[in-house]
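Breakdown of the fold
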Amino acid sequence: MILLGVNIDHCATVRQARYRQAGPTIGGNVEPDPVTLAHLCEQAGADGITIHLREDRRHIQDRDVERLCEAAASRVNLEIACTPEMTALALRLQPHSVCLVPESREEITTEGGLNVVKHREKVARVIDAMNAAGIKTSLFIDADEHQIALSAKLGAPWIELHTGAYANAYHTAARADEFKRLCLGASHAHSLGLVVNAGHGINYVNITEVRTIPHLHELNIGHSIISRALFTGITEAVREMKARMNPGN
Ligand code: PXP
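Starting from 1, residues in each chain are numbered consecutively following that chain's sequence as written. Where totals are concerned, whole chains, interfaces and linings use all residues; where local detail is concerned, this predicted model gives features only for residues with pLDDT of at least 70, and gives and counts side-chain atom pairs only at 80 or more. Only hydrogens and water are removed before side-chain values are computed, so all heavy atoms of the structure are retained for them.

1. With respect to the packing of aromatic side chains
Defined as follows: Two rings belonging to Phe, Tyr or Trp (six-membered ring only in the last case) form a pair when the distance between their centres is within 6.5 Å. Interplanar angles under 30 degrees mark stacking, angles over 60 mark edge-to-face geometry, and anything in between is tilted. We call a residue buried when its accessible area falls under 20% of the maximum for its residue type, exposed when it is over 50%, and partly exposed in between, using a 1.4 Å probe and counting protein chains only. Labels follow the DSSP assignment, with helices taken as runs of H or I lasting at least four residues and strands as runs of E lasting at least two, numbered in each case from the N terminus.
Under the defined criterion, the tally for this structure stands at two aromatic pairs. Taking 5.9 Å as the distance between ring centres and 80 degrees as the angle between the ring planes, the aromatic pair formed by Tyr166 and Tyr170 counts as edge-to-face. Summarising the burial analysis for this pair, Tyr166 and Tyr170 share the class buried. Between Tyr166 and Phe179, the ring centres sit 5.8 Å apart and the planes meet at 45 degrees, which makes this aromatic pair tilted. Of this pair, Tyr166 sits in helix α7 (residues 164-168) while Phe179 sits in helix α8 (residues 175-191), and the two are 13 residues apart along the sequence. Both residues of the pair, Tyr166 and Phe179, belong to the buried class.

Structure (structure tokens):
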């Protein structure tokens, strides 16, 4: 069975659209609350909750991460940039896993994943610190053989294959090649002992093909689930995605 991590950043984006100026001390009826949404996702069958604490704090706030790490019934996957500030924060809050993602332009590969080859030492430092603290590190990378091989060599237990290029190519002639690249990348990573996750741009249509990528452990999905929840409610949106990920279960 493929696991589902629901990315709830968009919930915080809606809250910040109204309350950004109010500051962190505002109490009472500030809505929508990402932690409440996380609980509803968990009750609907989410296996984990993913949040991205960005350096500019544009959506998720430090307090959200603290509250979620304290209260989550499932696993918290914290996406962070490869910086000393974010490393310290993760070590303090102890999420179940961290996913290292590119935050600035120089860290990005041509496809959009973290450039582990270019930032080898920085990435290695974070992996070592997390391994020592018992926090799993996932590297959000393109399905590129060099990125995958180095991820394994540096001791990351997990990777998350960037499915954005595939999702963008879904309605074009390039789709088959992008899909093949993901399948080959997943097999390569699996053969090196890496746990294979995937995410970005996965929706209720392309999931039919995405779920056939070999060796998938978990998919992290945000935009499509939160968007659908506007019409169906979050419970139905999560249930429907899980059903499409694992038909017959
Ligand atoms: N995985 C990672 C590493 C992400 O940064 C994001 C958000 O961009 C997602 C998965 C979810 O992507 P989406 O919102 O397109 O489903």
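2. Some thoughts on the side chain of Ser74
As a reminder of what qualifies: Contacts described as polar in this section are N or O atom pairs within 3.5 Å, which, within protein, must combine one atom able to donate a hydrogen with one able to accept it, while residues neighboring in sequence count only if both atoms come from side chains. Residues are treated as being in contact if the distance between any of their heavy atoms lies within 4.5 Å.
Here Ser74 lies in the loop between α3 (62-71) and β3 (75-80). Of the residues examined, Ser74 reaches a relative accessible area of 13% and is grouped as buried. A polar side-chain atom of Ser74 sits 2.7 Å from a polar atom in the side chain of Glu42. If sequence neighbours within four positions are ignored, Ser74 has contacts with Glu42, Ala46, Asp47, Gly48, Ile49 and His96.

3. Description of the site of the ligand
Defined as follows: The nearness test applies per residue and asks whether one of its heavy atoms lies within 4 Å of the molecule or strand. Per-residue and other accessible areas follow the Shrake-Rupley method at a 1.4 Å probe size, with only the shown protein chains counted as cover for residues. Residues are grouped as follows: Ala, Val, Leu, Ile, Met, Phe, Trp, Tyr, Cys and Pro are nonpolar; Asp, Glu, Lys and Arg are charged; every other residue, Gly included, is polar.
Taken together, Asn7, Glu79, Val101, Phe140, Glu160, Gly199, His200, Gly201, Asn220, Ile221, Gly222 and His223 make up all the residues around the ligand. Here His223 contributes a backbone N or O atom positioned 2.8 Å from an oxygen atom of the ligand. Taking 390 Å² as the accessible area of the ligand by itself, protein coverage stands at 86%. Its residues placed into classes, the shell around the ligand shows three nonpolar, seven polar and two charged.

4. Here's the deal with the sheet that holds strand β1 (residues 3-7)
Where we set the bar: We call two strands paired when DSSP finds no fewer than two bridges between them. With axes taken as lines fitted to C-alpha atoms, and helix axes fitted only over the stretch in contact, angles between N-to-C directions fall between 0 and 180 degrees.
Strand order in the closed barrel formed by eight strands is β1-β2-β3-β4-β5-β6-β7-β8, with parallel pairing between adjacent strands. Each strand axis lies, on average, 25 degrees off the axis of its neighbour in the sheet, ignoring direction. Where β1 and strand β2 (residues 48-52) come together, three bridges link them in parallel fashion. Bridge pairing links Val6 to Ile49 in β2.

Any functional reading would require information beyond the geometric quantities listed.
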